[in-house]
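Geometric and topological summary
Letter by letter, the chains look like this.
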Amino acid sequence: MPPRSPASSPSPSSPAGPSSPPAAASVPPSPSPSSSRDVLVAVLRGAGCVFAEDEAELILTAARTPDEAADMAARRASGLPLEHVVGWAGFHGLRIAVEPGVFVPRRRTEFLVDQALAAAPHACVVVDLCCGSGAVGAALAASLGPVELHAADIDAAAVNCARRNIADHGGHAHAGDLFAALPGRLRGRVDILAANVPYVPTGEVPLLPAEARDHEPLTALDGGGDGLDVLRRVAAEAPYWLAPGGCLLVETSERQAPAAVEAFTRSGLTARLADDEELYACVVVGTRVR
């Protein structure tokens, strides 16, 4: 049964109403902000949201009316990712628009951005491959200043979302399968190639939280038998697109890291592994030395 909205639930502090109210008082008072928040928290907590209080605050900030807040809380309680409910995700100090059906940027991926900035602080040409919402490209451009920015994804909804997020940075969004989506003139010119490829092994996709499994595109999650199918494709072709000294950065898991490093090395890149235990983030950085 869907939860009741604040508009349909009586406020605990509200009287039942006078027996003969004047015409001007015939409309019941709106719930106070505190009572609306309490109702939202109850709905979210009842659905198992661990951070119900924080999520209620975000919903109240995003909603224009109490009814809209109640509807947003109901959608969140049904399992929709919070970012899809409110329409944005916080990422590397930016507010990234996130539309339904688009992969939600994870906080751990901020580590990939930081590694890219450290490896190529003066980058002029940046590509966000498997871009999803375009969060990585937008964050890189925001930190680097004026760059030539391109984002690409095989999913049309992701490309449309990325186009919105990189517009302020003069970015270009392309639809297609990996490098086939990119303009040929970028060959040999890319300073930062950030590829947040799918790396969940096919057999483990059903074990993902329902938020991801049911509401994010499979193409953004399923990395094939061992989770590294797309990573290997990217690593194999990356040297043709990187500028001398340019770097490829790919997020992976600690368990997959040795095989990921091997794929980079096999393609001729000088590879190193970076990790952050607090964020549970693992990034392979490969550099084209010549």
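Calculation rules
- Residues numbered from 1 in each chain as written.
- Predicted model: local features only at pLDDT ≥ 70, side-chain atom pairs only at ≥ 80, totals over all residues.
- Heavy atoms only, no water.
- Buried < 20%, exposed > 50% of the residue type's maximum accessible area, 1.4 Å probe, protein only.
- Helix = DSSP H or I, 4+ residues; strand = E, 2+ residues; numbered from the N terminus.
- Arc of directions from axis to C-beta.
- Pairing = 2+ DSSP bridges.
- Axes fitted to C-alpha atoms, helices over the stretch in contact; angles between N-to-C directions.
- Contact = heavy atoms within 4.5 Å.
- Polar contact = N/O pair within 3.5 Å; in protein donor to acceptor, adjacent residues only side chain to side chain.

**A word on helix α10 (residues 257-266)**
Looking at α10, one finds that the buried residues are Ala257, Ala260, Ala263 and Phe264. One side of α10 carries all its buried residues, which in axial view fall inside an arc of 120°. When the buried face of α10 is taken as reference, the exposed residues oriented beyond 90 degrees from it are Pro258 and Arg266. Gly268 sits one or two residues past α10 and shows a positive phi near 100°.

**Concerning the sheet that holds strand β8 (residues 270-276)**
Strand order in the open sheet formed by 7 strands is β5-β4-β3-β6-β7-β9-β8, with mixed pairing between adjacent strands. Strand pairing shows two members of the sheet lacking a second neighbour, β5 (172-175) and β8, which therefore form its edges. Taken pair by pair, the neighbouring strands of this sheet meet at an average axis angle of 20°, ignoring direction. Sheet topology note: the β8/strand β9 (residues 281-287) ladder contains 7 bridges and is antiparallel. In the sheet register, Thr270 faces β9, and the bridge partner there is Thr287. Against the sheet, helix α6 (residues 135-144) makes contact with β3 (125-129), β4 (148-153) and β6 (190-195), and its axis sits at roughly 160° relative to β3, the strand it touches most. Against the sheet, helix α7 (residues 156-166) contacts β4 and β5, and its axis sits at roughly 175° relative to β5.

**Some remarks on the side chain of Ser133**
Relative to the elements of secondary structure, Ser133 occurs in the loop between β3 and α6. Using a relative accessible area of 3% as the deciding quantity, one classes Ser133 as buried. At a separation of 3.4 Å, a polar atom in the side chain of Ser133 contacts the main-chain amide nitrogen of Ala135. Residue contacts for Ser133: discarding those within four places in its chain leaves Ile96, Ala97, Val102, Phe103, Pro105, Cys161, Ala162 and Asn165.

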